[in-house]
Each structure stands twice: as structure tokens, then as C-alpha cells.
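# Overview (structure and organization)
Chain by chain, the residues run as shown.
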Amino acid sequence: MLTNLFRGVPDAAGAASGDIVRLYQNQRQATRRLMHDAMELFIKSDLEQAAKALGLWQRGAIVLEHEDLAGVVMNYALLELRHEGLTTVERFRADCSLYSPDEAATVDLLCQAQFRLLTLNQGAGEAILDVTDQLTGQNGRLVDVNLSATGALGVTLATHVWNFADDYWMTTGAAVSYSKAAEQLVARRIRSLCRCKLSDWPKLGPPQRASVAALVIRCAIDCGSAERLQYA
């Protein structure tokens, strides 16, 4: 449970990077397991709807240029598609019989995951990167062993992120690179989608955000991001 992991640590902001990384590793394992369990609640058409929204549905089947794009489709289906106002992870949280009391804090965090466009600014400790969310202007620290090892500073990633300790963030899985070409493509396409600009993101409601998130991911894929796919 999240609070148990922090016993003996004064606070998240003052915790040593090693403590944060250990917490991240525990939460990463729990997240993967719980997201897999939540997939049991998928409605039959969810993956099809997600693939269509992301431009990955062709001739009656999901078509992926890279196998890790499957994680992008599943993340979108879990965190963005809604039935009667609830996402799959929210319906998962509502049925406490599907997870243990010790996992409740992690399930709550999953339900708070948000789509972000994270620019990787600089290293900030072991497996930690200073980042800026281009959708909100918010700064934070992303904990990610794989990304910190690549040294891909200056790159912007489209992904879902949650706060797992104060301003420390982690992704829920696959991320796609968001290039300048993708940014320009979004700018051309977004008006026909919602008559808004990407900078209007903070003012959008959940349905519009889901549609814009799909557009951003689709444009990133159309601009070749599958060749630069990152997985946390």
C-alpha cells in the first residue's frame, strides 16, 4: 500500500532518489498487474473503438507497425473510453472485490492518470527527469528507469501520467514521441475535431480531452513515432 511504502521517509519531496526509485519500482509492478486485471472489464468493442480512434484499425482488424503500440491501444481503452460516464479503470475501482484493500491506493492513482505531453528537460537524480507538460505548463519530475538511461533530453512524449508522490510522476506504460511534424499535423486537424486549439486543453471536458488525446497520438503515429516508441 502506498502509505506503508513511505513509512520512515520524512516526506516525498525530501526523500532520497533511491527511496523514490524503490517506490516507483513497487508501484510499476502493481500498476501493470492491476491494469491487466482491469482489462477483464473491457466491453467487446473497446479495443476496436480505441484502435479506430488512434488510426490503427484497417479492414476489420487492429494493425500495428510495432508490437508495443498494443500498449498504447490498451492504455487508451482503459483510461479514455467511457461507458455511462465511467472509464474501465473507474468501473474496476467501483468493484472492490476485484482487488485487495492494500491495492486500493494504487487503483485510486490509476483513476487519476492524465494524458500529458511531457518534454524531458534534464536529469534530476537516479532514474529521475525534470519534465514539463506542454498541455498545462506544469513542471514535475518523471521517474523512469528506461527513459533516464536513454538520455533523450529535449524529446516530447505523449503518454498517460499519474502522481505517485507529490510532484513525482510515472507513466502508465507506452509513450509515443511527439515531434514537430506531429505538432504541425495536430494544429491542422484539431479545428475540425473540436473547434479548439491544443492550448485550450485545460478548459476541455473529459469527452473532448479523450478525443484530443486520440488525435495527438494518431498524429504522432502518422509522423513515424512508432519507430521511436518508448516503454516505461
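Residues numbered from 1 in each chain as written. Predicted model: local features only at pLDDT ≥ 70, side-chain atom pairs only at ≥ 80, totals over all residues. Heavy atoms only, no water.

## Topic: helix 4 (residues 69-79)
- Burial analysis of helix 4 places nine of its 11 residues in the buried class, which makes it a mostly covered element.
- Along helix 4, the positions that sit buried rather than exposed are Leu69, Gly71, Val72, Val73, Asn75, Tyr76, Ala77, Leu78 and Leu79. (Buried < 20%, exposed > 50% of the residue type's maximum accessible area, 1.4 Å probe, protein only. Helix = DSSP H or I, 4+ residues; strand = E, 2+ residues; numbered from the N terminus.)

## Quick notes on the side chain of Asp133
- Looking at the element boundaries, Asp133 is found in strand 6 (residues 128-133).
- Exposure remark for Asp133: the relative accessible area of 1% places this residue in the buried category.
- Reaching out from Asp133, the side chain makes a polar contact with the backbone nitrogen of Leu117 at a distance of 3.1 Å.
- Residues contacting Asp133, with those up to four places away along its chain left out, are Arg116, Leu117, Leu118 and Gln138. (Polar contact = N/O pair within 3.5 Å; in protein donor to acceptor, adjacent residues only side chain to side chain. Contact = heavy atoms within 4.5 Å.)

## A few points about the layout of surface pockets
- As a volume, the largest pocket reaches approximately 260 Å³.
- Residue lining of the largest pocket: 15 residues in total, with Leu79, Glu80, Arg82, Ala113 and Gln114 positioned closest to the centre.
- Counting residues per element, the ones that place at least two in the lining of the largest pocket are helix 5 (88-94), helix 6 (104-111), strand 5 (114-123) and helix 9 (206-222).
- Element by element, the count of residues in the lining of the largest pocket is highest for helix 9, at three residues. (1 Å grid on protein atoms, 1.4 Å probe; cavity = no way out; pocket = protein on both sides within 12 Å on 5 of 7 lines; lining within 4 Å. Points joined across faces, edges and corners; volume = space filled by probe spheres on them.)

## Things to note about the confidence of the model for the chain
- Across the chain, the average pLDDT comes to 87, with 90% of residues at or above 70.
- The least confident element of the chain is helix 1 (residues 2-5), whose mean pLDDT is 35; the most confident is helix 5, at 97.
- Below a pLDDT of 50 lies the segment residues 1-15, which in the model reaches 24 contacts outside its immediate sequence neighbourhood of four places, other chains included. (pLDDT = per-residue confidence, 0-100.)

## Examining the environment of Pro202
- Topologically, Pro202 is positioned in the loop between helix 8 (180-194) and helix 9.
- Classification of Pro202 by relative accessible area gives partly exposed; the value is 48%.
- Counting along the chain gives 67 residues from Pro202 to Leu135, while the straight-line C-alpha distance between them is 7.5 Å.
- Residue contacts for Pro202: discarding those within four places in its chain leaves Leu135 and Arg209.

## Some details on the state of the cysteines
- If you walk through the whole model with that rule in mind, you get one disulfide.
- Across the disulfide from Cys194 sits Cys196; the S-S distance is 2.1 Å. Its S-S torsion of approximately -40 degrees makes the covalent link between Cys194 and Cys196 left-handed.
- Classification of Cys194 as buried rests on a relative accessible area of 16%. (Disulfide = S-S within 2.5 Å.)

## Side note on the packing of helix 8 against helix 9
- Look at helix 8 against helix 9: their axes get within 9 Å of each other, and the N-to-C directions meet at 145 degrees. Regarding helix 8 and helix 9, the two cross each other, and that crossing is right-handed. Contacts from Ala182, Leu185, Val186, Arg189, Ile190, Leu193 and Cys194 in helix 8 reach Gln208, Ser211, Val212, Leu215, Val216, Arg218, Cys219, Ala220 and Asp222 in helix 9.
- Within the contact of helix 8 with helix 9, the residues separate by chemical class into 11 nonpolar, two polar and three charged. (Axes fitted to C-alpha atoms, helices over the stretch in contact; angles between N-to-C directions. Left-handed = near helix turned anticlockwise from the far one by under 90°. Nonpolar A, V, L, I, M, F, W, Y, C, P; charged D, E, K, R; others polar.)

## Brief notes about the nonpolar core
- By size, the foremost hydrophobic cluster in this structure holds 62 residues, and its most contacted members are Phe164, Leu198 and Val216.
- With 10 residues, helix 9 is the largest single contributor of residues to this core.
- Residues Leu118, Leu120, Trp169 and Ala175 belong to the second largest nonpolar core, which totals 10 residues. (Core = buried A, V, L, I, M, F, W, Y, C linked by side-chain atoms within 4.5 Å.)

## Here we look at the packing of helix 2 (residues 17-38) against helix 6
- Interaxial distance between helix 2 and helix 6 falls to 10 Å at its minimum, and their mutual angle equals 75 degrees. With respect to each other, helix 2 and helix 6 are oriented roughly perpendicular. Seen from helix 2, the contacting residues are Gln27, Ala30, Thr31, Leu34 and Met35; seen from helix 6, they are Thr106, Val107, Leu109 and Leu110. (Parallel < 35°, antiparallel > 145°, perpendicular 65-115°, else oblique.)

## Re the environment of Leu142
- The topology assignment puts Leu142 in strand 7 (residues 139-143).
- In the structure, Leu142 is positioned 25 residues away from Asp167 in sequence and 8.5 Å away in space, judged by C-alpha atoms.
- Setting aside residues up to four positions removed in sequence, Leu142 forms contacts with Leu118, Leu120, Ala127, Ile128, Leu129, Val131, Leu147, Trp169, Met170 and Thr171.

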